[in-house]
Amino acid sequence: MLRTHTTKEAAQLDGEEVKVCGWIHDIRVLGKIAFIILRDRYGFAQLTLIRSIVGKEKFKEYTKLTRESVICAKGKVQKTKQAKLGFEILPEEIEVLNRAESPLPLGVADKVSADLETRIENRFLDLRKREVLAVFEIRSTILQGIREYLLNQNFVEVHTPKIVATATEGGTELFPVKYFEKDAYLNQSPQLYKQVLMAAGLDRVLEVAPAFRAEEHNTTRHLNEFISIDIEMSFADEEDAMYMLEGSIVNAIKKLKEERKEEMEILGMNWEVPSLPFKRITYDEALEIVRKKGIDMEWGEDFSTEALKALGSELQEFYFITRWPMEIKPFYVLPDGKYSHAFDLMYGEREITSGAQRNHVYESLVEVMRSKGLNPENFEYYLRAFRYGMPPHAGWGLGLERLVMIITGVKNIRECVIFPRDRTRLVP
Ligand code: ATP
Ligand code: AMO
């Protein structure tokens, strides 16, 4: 084993021999004594080098090492009030595993914050910063909290194709791909497949997978590749789907509070576990709020950025907007006269999730498709599932990065993806 302890584990010991490994965060030389601050994912350790003990040659060699070089140090841990960390390691030996070039394209120890472009171009260095890594540790726990809740509710996790033949969420946002002699696309959403699985009798499905959207605009809340958490459940209406959604989010926040105290502190997050159920307002009520704020909006329009801001100023919490006009919702949503069984989950001015009870009646579905200008022939594999026993069903799709953005409070969605894909970025 290269290492015996992480820095965090070493910090708990006194008088024991350990081997810790990591990056050189900083080196300070004070004449005959030098301090190397070693960093790993879990924290820091101070290596105290005394020239008369390590020897003249080695002292010179070690103190000349560059920042961010990878080393292992073997030595005794000692609690001491003199060290800022409360302990030090007195190495007998330092093994240099990999030397870092100098200067670094992005400082790790420095407080100066580089611009996001430089950070993403040097993401491997950027992630060595505790506050950057914290976002991804939180992201991992949020996902785990949601998955855990849904698996406990008897959802089965599935994977559907990402190379597909048809659009699901409207035709303009598709990335074409060559598929041998056929035209294909990267999937925008597992929508059609998860519905087909309801006809298969899977009853409750969950998918966590990338979704691709050729959004032309460059905003702080749109990605061209994002992780979509999707559920679909049978013999259920939109209230059942909303119940699963609010339960998932509350479980994620509970889990964060239990397991990610340190990361939450680093990011200055202070969440209370939201109470259940989340507030529900209808589209008409939301429209009323927006109009009262002096914004001109017709019934049947989608909320503009300005309208969402007005809503957000009234509702700084998680809330659902229900009973949307059918004309602005996709064909697969179950209509209710000019209204629909669709909902969005919002937090303030931001949308996190769309969902609905679906239209499970073949004839009606085909009629809605036609009224929206779609050709049912292009959806043959999907429609077929509605002709031989399709139960009523409901579901939702949640953009993981949108939720992480809200929970961590970061301002740009790119900060929630390790290697983001946006309008101009394809590397790294
Ligand atoms: P979905 O993909 O589910 O529709 P979304 O939040 O990405 O979710 P959009 O239709 O892209 O939805 O945009 C929602 C609202 O945000 C729209 O009403 C639109 O006015 C506004 N919006 C869209 N693009 C931009 C942009 N580039 N800058 C500011 N606001 C925008
Ligand atoms: P919708 O198109 O609303 O619904 O997408 C679902 C959720 O995915 C997220 N999202 C995005 N996140 C980052 N960048 C983007 N470009 C982007 N586009 C969408 C949002 C959004 O709420 N099939 C339906 C879901 C369903 O009804 O089950 C769908 O895809 O958080």
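Residues numbered from 1 in each chain as written. Chains lettered and ligands numbered in written order. Predicted model: local features only at pLDDT ≥ 70, side-chain atom pairs only at ≥ 80, totals over all residues. Heavy atoms only, no water.

Looking at an unreviewed UniProt entry, one finds the protein chain named Aspartate--tRNA(Asp) ligase and attributed to Aciduliprofundum boonei. Regarding the protein chain, the relevant UniProt record gives this comment under Subcellular location (unreviewed entry): "Cytoplasm". Under the Sequence similarities (unreviewed entry) heading, UniProt states for the protein chain: "Belongs to the class-II aminoacyl-tRNA synthetase family. Type 2 subfamily." (UniProt positions renumbered as here; feature names shortened; annotations may be inferred.)

The next subject is a negative patch on the surface. A contiguous patch of negative charge, built from D296, E298, E301, D302 and E351, is present on the exposed surface. Mapped onto the elements, D296 comes out in the loop between α10 (283-292) and α11 (305-314). (Patch = residues over 30% accessible without salt bridge, like charges linked within 9 Å, V, L, I, M, F, W, Y side chains within 5 Å. Areas by Shrake-Rupley, 256 points an atom, 1.4 Å probe, with all protein chains shown as cover. Salt bridge = Lys/Arg side-chain N within 4 Å of Asp/Glu carboxyl O. Lys, Arg positive; Asp, Glu negative; His and termini not counted. Charge placed at Lys NZ, Arg CZ, Asp CG, Glu CD. Helix = DSSP H or I, 4+ residues; strand = E, 2+ residues; numbered from the N terminus.)

Glancing now at the site of ligand 2. Around ligand 2 there are 23 residues in total, and Q191, E351, I352, S354 and R358 lie nearest to it. Between ligand 2 and the protein, one listed contact pairs a nitrogen atom with a side-chain N or O atom of Q191 at 2.6 Å. When isolated, ligand 2 has an accessible area of 620 Å², and the protein chains bury 94% of it. Looking at the shell around ligand 2, the elements with two or more residues in it are α7 (191-199), β17 (350-357) and β18 (393-399). The element that contributes the greatest number of residues to the shell around ligand 2 is β17, accounting for five residues. For the shell around ligand 2, a count of residues per class yields six nonpolar, nine polar and eight charged. (Near = heavy atom within 4 Å. Polar contact = N/O pair within 3.5 Å; in protein donor to acceptor, adjacent residues only side chain to side chain. Nonpolar A, V, L, I, M, F, W, Y, C, P; charged D, E, K, R; others polar.)

Quick look at the domain arrangement of the protein chain now. Segmenting the protein chain into domains produces domain 1 (7-98) and domain 2 (126-278 + 317-416). On the domain 2 side, the residues contacting the five residues of domain 1 number five residues. Run the count over domain 1 and domain 2 and you get three salt bridges. In this structure, E68 engages R128 in a salt bridge whose closest nitrogen and oxygen atoms are separated by 2.8 Å. Our enumeration of links across domain 1 and domain 2 arrives at three residue pairs in polar contact (both at pLDDT 80 or more). Residue classes in the side of domain 1 that touches domain 2 are distributed as one nonpolar, no polar and four charged. (Domains from an automatic or database assignment. Contact = heavy atoms within 4.5 Å.)

Bringing the state of the cysteines into the picture now. In the structure shown here, the tally under the stated rule is one disulfide. Two residues, C21 and C72, share a disulfide whose sulfurs are 2.1 Å apart. Handedness here is read from the sign of the S-S torsion; for C21 and C72, about 85°, the answer is right-handed. Of this pair, C21 sits in strand β1 (residues 17-30) while C72 is found in strand β4 (residues 70-79), placing the two residues 51 residues apart along the sequence. (Disulfide = S-S within 2.5 Å.)

Another point: the pattern of salt bridges. Under the definition given, this model contains 33 salt bridges. A single salt-bridge network, built from bridges that share partners, covers K8, R41, R130, E137, R260, E262 and E263.

Now for the sheet that holds strand β12 (residues 279-282). Read across the open sheet, the eight strands follow the order β6-β10-β11-β18-β17-β16-β13-β12; overall the sheet is mixed. Each edge of the open sheet carries a strand with a single partner, namely β6 (156-157) and β12. With two bridges connecting them, β6 and strand β10 (residues 204-212) associate as parallel partners. Of the residues in β10, the one forming a bridge with V156 is V205. Packing of α10 onto the sheet brings it into contact with β12 and β13 (318-322), and relative to β12 it is tilted by some 80°. (Pairing = 2+ DSSP bridges. Axes fitted to C-alpha atoms, helices over the stretch in contact; angles between N-to-C directions.)

Quick look at the environment of I71 now. With respect to the helices, strands and loops of the structure, I71 is situated in strand β4. Along the sequence, I71 and W23 sit 48 residues apart, while their C-alpha atoms lie 6.3 Å from each other. Every residue in contact with I71, bar those within four places of it in the chain, is listed here: V20, C21, G22, I24, I36, L38, L47, L65, I94, E95, V96 and L97.

Moving on: the packing of helix α6 (residues 130-152) against helix α8 (residues 238-259). Two elements in contact, α6 and α8, have axes separated by 8 Å at closest approach and are oriented at 135°. Considered as vectors, α6 and α8 are oriented oblique to each other. Taken as a pair, α6 and α8 cross one another with a handedness that is right-handed. Contact with α6, carried on its side by I138, T141, I142, Q144, G145, I146, E148, Y149 and L150, involves Y243, M244, G247, S248, N251, A252, K255, L256 and E259 of α8 and no other residues of that element. Here the contact of α6 with α8 is built from residues that sort into nine nonpolar, six polar and three charged. (Parallel < 35°, antiparallel > 145°, perpendicular 65-115°, else oblique. Left-handed = near helix turned anticlockwise from the far one by under 90°.)

A grouping of K32, R51, K56, K60 and K64 is seen on the molecular surface, where their side chains present a positively charged patch. If you trace the backbone, R51 turns up in helix α2 (residues 51-54).

Read from one edge of the open sheet, three strands run β7-β9-β8, paired in antiparallel fashion. With one partner strand each, in any of the chains shown, β7 (163-164) and β8 (176-179) form the two edges of the open sheet. As paired strands, β8 and strand β9 (residues 182-186) are joined by four bridges and run antiparallel to one another. Opposite K178, over in β9, you have D183 as the bridge partner.

Here we come to the site of ligand 1. Taken together, the neighbourhood of ligand 1 is formed by R213, H217, T219, R221, H222, F303, S304, T305, E351, S354 and R402. R221 is positioned with one of its side-chain polar atoms (N or O) 2.7 Å from an oxygen atom of ligand 1. The contact in question runs from an oxygen atom of ligand 1 to an N or O atom on the side chain of H222, over 2.7 Å. Summarising the interface, the protein chains cover 61% of the accessible area of ligand 1, which totals 610 Å² for the free molecule. Of the residues in the shell around ligand 1, the class split is one nonpolar, six polar and four charged.

Attention shifts here to the nonpolar core. Ranked by size, the top nonpolar core spans 53 residues in total, and within it I142, F318 and W396 carry the most contacts. Not counting residues within four places of it along the chain, the set of residues in contact with F318 comprises I249, I253, W271, P274, F278, K279, L345, M346, Y347, I352 and L403. Listed in part, the 38 residues of the second largest apolar core include V158, V290, V333 and V368. (Core = buried A, V, L, I, M, F, W, Y, C linked by side-chain atoms within 4.5 Å. Buried < 20%, exposed > 50% of the residue type's maximum accessible area, 1.4 Å probe, protein only.)

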